[in-house]
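The residues making up each chain are set out below.
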Amino acid sequence: MAVRNKAVAFIPANKRPLLFFVSAEETGEFRAQNIQLYNKWKDKNLLITFLQLPGIRHFSIPETPTNRSSSVHIALRELMDI
């Protein structure tokens, strides 16, 4: 049951673009889980961007889109083609 409920076992039902953000300050296991998910889904003909954010804590990530020079802000603008 646990394996069936893992996100990595899930395949997106559509081909909408996805952005994965993870703090570089997270534990190795947390980063590894996100990298595993990215690697599994990138081969499914999906537009996926994966960003490891150095110097940013887990709970600070939602604030990064408002900083115009942040990689998150830039990735979101590219995704929206603006």
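Keep in mind that what you see is a predicted model, and the values were worked out from it rather than measured.

## Regarding the overall build of the protein
The number of helices and strands found in the protein is 2 helices and 2 strands. Overall size of the protein, expressed as C-alpha extent along the three principal axes, is 40 × 30 × 15 Å. The buried share among the 82 residues of the protein stands at 24%. Residue pairs at least 24 apart in sequence account for 61% of intrachain contacts in the protein once pairs closer than 6 positions are excluded. A total accessible area of about 6000 Å² is found for the protein, and carbon and sulfur atoms account for 55% of it. Positive and negative side-chain charges of the protein, numbering 11 and 7 respectively, have mean locations separated by a distance of 8 Å.

## Notes on the nonpolar core
By size, the foremost hydrophobic cluster in this structure holds 8 residues: Val8, Phe20, Val22, Leu37, Trp41, Leu46, Ile48 and Phe50. Taken together, the elements giving at least two residues each to this core come down to strand S1 (18–23), helix H1 (28–42) and strand S2 (48–53). If near-sequence neighbours (up to four positions away) are discounted, Leu37 is found in contact with Ala7, Val8 and Phe20. Ranked by size, the runner-up nonpolar core spans 5 residues in total, among them Leu51, Leu53, Ile61 and Ala75.

## Details of the packing of aromatic side chains
Scanning all chains against the criterion turns up 3 aromatic pairs. Measuring from ring centre to ring centre gives 5.5 Å for Tyr38 and Phe50, while their planes differ by 35°; the resulting arrangement is tilted. Remark: Phe50 occurs in strand S2 and Tyr38 occurs in helix H1; sequence separation between them is 12 residues. Here Phe50 falls in the buried class, since its relative accessible area comes to 19%. Counting every residue linked through ring pairs, the aromatic cluster contains Phe10, Phe20 and Trp41.

## Some thoughts on the side chain of Asn34
On the secondary structure map, Asn34 appears in helix H1. Among the polar contacts made by the side chain of Asn34, one reaches the main-chain carbonyl oxygen of Phe30 at a distance of 2.9 Å. In contact with Asn34, not counting residues within four places along its chain, are Phe20, Val22 and Phe50.

Calculation criteria
- Residues numbered from 1 in each chain as written.
- Predicted model: local features only at pLDDT ≥ 70, side-chain atom pairs only at ≥ 80, totals over all residues.
- Heavy atoms only, no water.
- Helix = DSSP H or I, 4+ residues; strand = E, 2+ residues; numbered from the N terminus.
- Buried < 20%, exposed > 50% of the residue type's maximum accessible area, 1.4 Å probe, protein only.
- Contact = heavy atoms within 4.5 Å.
- Areas by Shrake-Rupley, 256 points an atom, 1.4 Å probe, with all protein chains shown as cover.
- Lys, Arg positive; Asp, Glu negative; His and termini not counted.
- Charge placed at Lys NZ, Arg CZ, Asp CG, Glu CD.
- Core = buried A, V, L, I, M, F, W, Y, C linked by side-chain atoms within 4.5 Å.
- Phe/Tyr/Trp six-rings, centres within 6.5 Å; stacked < 30°, edge-to-face > 60°.
- Polar contact = N/O pair within 3.5 Å; in protein donor to acceptor, adjacent residues only side chain to side chain.

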